[in-house]
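Structure assessment
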Amino acid sequence: MLKGSVLIHPGYFPTISQMAVVAQAENIVFEAEDNYQKQTYRNRTLISQAQGTLLLNVPILHTKGVRKKYVEVQVENQESWQSHHLKSLQTAYRTSPYFEYYEDEITHLFTDPVTSLFDHNVKIHQELCELLGIDTPFIFTEEFEKEPKGIIDARNSIDAKVKLDITFPKYIQVFQERNGFYPNLSILDLLFNEGPNAISYLEKIKLPY
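The following refers to the structure shown. (Residues numbered from 1 in each chain as written. Predicted model: local features only at pLDDT ≥ 70, side-chain atom pairs only at ≥ 80, totals over all residues. Heavy atoms only, no water.)

**Points about the nonpolar core**
Within the largest apolar cluster, 60 residues are counted, with the highest numbers of intra-cluster contacts made by Val6, Ile16, Met19, Ile134 and Leu202. Elements that contribute at least two residues to this core include exactly β1 (5-8), α1 (16-24), β2 (27-30), α2 (81-93), α3 (99-106), α4 (117-132), α6 (187-194) and α7 (198-204). In terms of residues, this core owes the most to one element, α4, which gives eight residues. Among all residues touching Ile16, those that are not within four sequence positions of it are Phe168, Tyr171, Asn184, Leu185, Ser186, Ile187, Leu190, Tyr201, Leu202 and Ile205. (Core = buried A, V, L, I, M, F, W, Y, C linked by side-chain atoms within 4.5 Å. Buried < 20%, exposed > 50% of the residue type's maximum accessible area, 1.4 Å probe, protein only. Helix = DSSP H or I, 4+ residues; strand = E, 2+ residues; numbered from the N terminus. Contact = heavy atoms within 4.5 Å.)

Following this line, the structure appears as structure tokens:
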């Protein structure tokens, strides 16, 4: 278990590694004062499907030449991205052991109106913690610190390019016989395949923090 508070970014249906941080931390502090960065799991999540992995992206409104804080980023809703993501999950996981068990609980996250990416991801975090049985409290930063003191800095867990030194035990995935085992997918993959056992899996992961 991680002793003390841990600093992370709220992600879009976060990776298993990030949810392991949440499950093992005494307290979570969400970074709310940083600039938005591309190529991260702030607006994307990786799932498994019959053809391999599938990256689900949340489209965002870009302002050319202007840097925005993560909390200021707005979602682009001209596309039916929520419907696409939900249908992709239904197609990929409808045969998994626990998809039907959780489907009704998460559907509102794909039907409720979304404007702020940050707020939506915090909402997702709260729903996931409830489904997983995680009661780790969370607060938000009030200023940005590049090298924060007195806290475990796990903000790099949101970066899709960072390869964390973590060994992920295998669990049975829907298309494992066809594709092999994919580690560190979206927490939804673990939840739909392992159900109530997901929390035990998260608590056993050895984290590099």
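**As for α4**
With 16 residues, α4 should cover 22 Å at 1.5 Å per step; its first-to-last C-alpha distance of 22 Å lies within 8% of that length. α4 sits mainly inside the fold: 12 of its 16 residues count as buried. Among the residues making up α4, those that are buried are Leu117, Phe118, His120, Asn121, Val122, Ile124, His125, Glu127, Leu128, Cys129, Leu131 and Leu132. Where α4 begins, the capping side chain belongs to Ser116, and its oxygen is found 3.5 Å from the backbone nitrogen of Phe118. Phi turns positive one or two residues past the end of α4, at Gly133, with a value near 80°. (Expected span 1.5 Å × (residues − 1). Polar contact = N/O pair within 3.5 Å; in protein donor to acceptor, adjacent residues only side chain to side chain.)

**Quick look at the side chain of Glu103**
In this structure, Glu103 sits in helix α3. For the buried residue Glu103, which engages in no salt bridge, the nearest side chain bearing the opposite charge is Arg94, 9.8 Å off. One polar contact links Glu103 to Gln90, side chain to side chain, over a distance of 3.1 Å. (Lys, Arg positive; Asp, Glu negative; His and termini not counted. Salt bridge = Lys/Arg side-chain N within 4 Å of Asp/Glu carboxyl O.)

**Looking at the pairing of β2**
Both β1 and β2 contribute to a ladder of four bridges, which runs parallel. The residue bridging Leu7 from the neighbouring strand is Val29, located in β2. Handedness of the crossover joining β1 and β2 through α1: right-handed. Pairing of β2 with strand β5 (residues 138-140), which is carried by three bridges, proceeds in the parallel orientation. Within β5, the residue paired with Val29 across the bridge is Ile139. (Pairing = 2+ DSSP bridges. Right-handed = clockwise from strand over helix to strand, strands pointing away.)

**Some words on the pattern of salt bridges**
Taken as a whole, this structure holds five salt bridges when the rule is applied. Of the charged contacts, one joins Asp34 and Arg42 as a salt bridge, the two residues approaching to 2.8 Å between their closest N and O atoms. Both residues of the pair, Asp34 and Arg42, belong to the buried class. For Asp153, the salt bridge is made with Arg155, and the minimal N-O distance between the two is 2.8 Å. Several salt bridges converge on common partners, so that one network encompasses Glu31, Asp153 and Arg155.

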